[in-house]
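# Coordinates in review
Spelled out from the first residue to the last, the chains are:
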Amino acid sequence: MLKKVKPHNPKVVDLTESIMLRTTIARENHAALRSGFAGYPPNPRWNVTKFRAWKTGRQLKEALEHGEMVVRSTDCMLVPAQDQGNGTDEEVRSSQWIDFFSHKKLVLAA
């Protein structure tokens, strides 16, 4: 029997005390996401989804360091650099954020 995959609504996650992120990563994997963003090594006991969240955190940190992502000053949200001016249109921000890695997959994939 196939399990139905339920669509995830984007949630806001605190990556650090001063950086927030809108993501569809499940709540139980947010600690791994923060760990990757902070630069900690992966835990060998993690399952695949936690490791992917950790890797996403690492990719976000690298994108921030290379200027592909910026922290928006109005709400401390981590967003793609070209989208930092779209602070008022919630639908545009969330849809562009969800698609960020699909556009950058070749660049950021290890």
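Here the structure is shown first, and the text comes after it.
Because the structure is a prediction, the values reported are computed rather than measured.

Criteria and cut-off values
Residues numbered from 1 in each chain as written. Predicted model: local features only at pLDDT ≥ 70, side-chain atom pairs only at ≥ 80, totals over all residues. Heavy atoms only, no water. Helix = DSSP H or I, 4+ residues; strand = E, 2+ residues; numbered from the N terminus. Buried < 20%, exposed > 50% of the residue type's maximum accessible area, 1.4 Å probe, protein only. Contact = heavy atoms within 4.5 Å. Areas by Shrake-Rupley, 256 points an atom, 1.4 Å probe, with all protein chains shown as cover. Salt bridge = Lys/Arg side-chain N within 4 Å of Asp/Glu carboxyl O. Pairing = 2+ DSSP bridges. Core = buried A, V, L, I, M, F, W, Y, C linked by side-chain atoms within 4.5 Å. Expected span 1.5 Å × (residues − 1). Phe/Tyr/Trp six-rings, centres within 6.5 Å; stacked < 30°, edge-to-face > 60°. Lys NZ or Arg CZ within 6 Å of the ring centre and 35° of its normal.

## Some words on the overall build of the protein chain
When helices and strands are counted, the protein chain shows four helices and four strands. The order of α-helices and β-strands along the protein chain, N terminus first, is β-β-α-α-β-β-α-α. Relative to its 110 residues, the protein chain shows a buried fraction of 33%. In the protein chain, the share of contacts with a sequence separation of at least 24, taken over all contacts with a separation of at least 6, comes to 33%. Here the protein chain displays about 7,600 Å² of accessible surface, and carbon together with sulfur accounts for 54% of that area.

## Quick word on the pattern of salt bridges
One pass over the full model with this rule turns up one salt bridge. Taking the shortest distance from any N to any O, the salt bridge between Arg 72 and Asp 75 comes out at 2.9 Å. Taking the relative accessible area as the measure of exposure, Asp 75 reaches 26% and is therefore partly exposed.

## Some remarks on the pairing of strand β1 (residues 11–14)
Bridge count between β1 and strand β2 (residues 20–23): four bridges; the pairing is antiparallel. Each residue of the ladder has a partner; that of Val 13, found in β2, is Leu 21. The hairpin formed by β1 and β2 contains five residues between the paired strands.

## Let's talk about the nonpolar core
Counting 14 residues, the largest nonpolar core has Leu 15, Leu 21, Leu 33, Phe 37, Leu 60 and Leu 78 as its most contacted members. Contributing elements (two or more residues each) for this core: α1 (30–38) and α2 (48–65). Once residues lying within four places of it in the same chain are set aside, the contact partners of Leu 33 are Val 13, Leu 15, Leu 21, Thr 23, Ile 25, Ala 53, Trp 54, Thr 56, Gly 57 and Leu 60.

## Details of α2
An ideal rise of 1.5 Å per residue puts 26 Å on 18 residues; α2 measures up with 26 Å between its terminal C-alpha atoms. Phi for Gly 67, located one or two positions after α2, is positive at around 85°.

## Topic: unusual backbone geometry
One non-glycine residue, Cys 76, lies in positive phi territory at about 60°. Inspection of the secondary structure assignment puts Cys 76 in the loop between β3 (69–71) and β4 (78–80).

## Here's the deal with the packing of aromatic side chains
Here the structure, examined in full by the defined rule, presents one aromatic pair. Between Lys 61 and the ring centre of Phe 37, over which it is positioned, the NZ or CZ distance is 4.9 Å.

## Focus: α1
When we look at burial in α1, the residues that qualify are His 30, Ala 32, Leu 33, Ser 35, Gly 36 and Phe 37. Contact partners of the buried residues in α1: β1, β2, α2 and β4. Once α1 ends, the next one or two residues include Gly 39, with phi positive near 95°.

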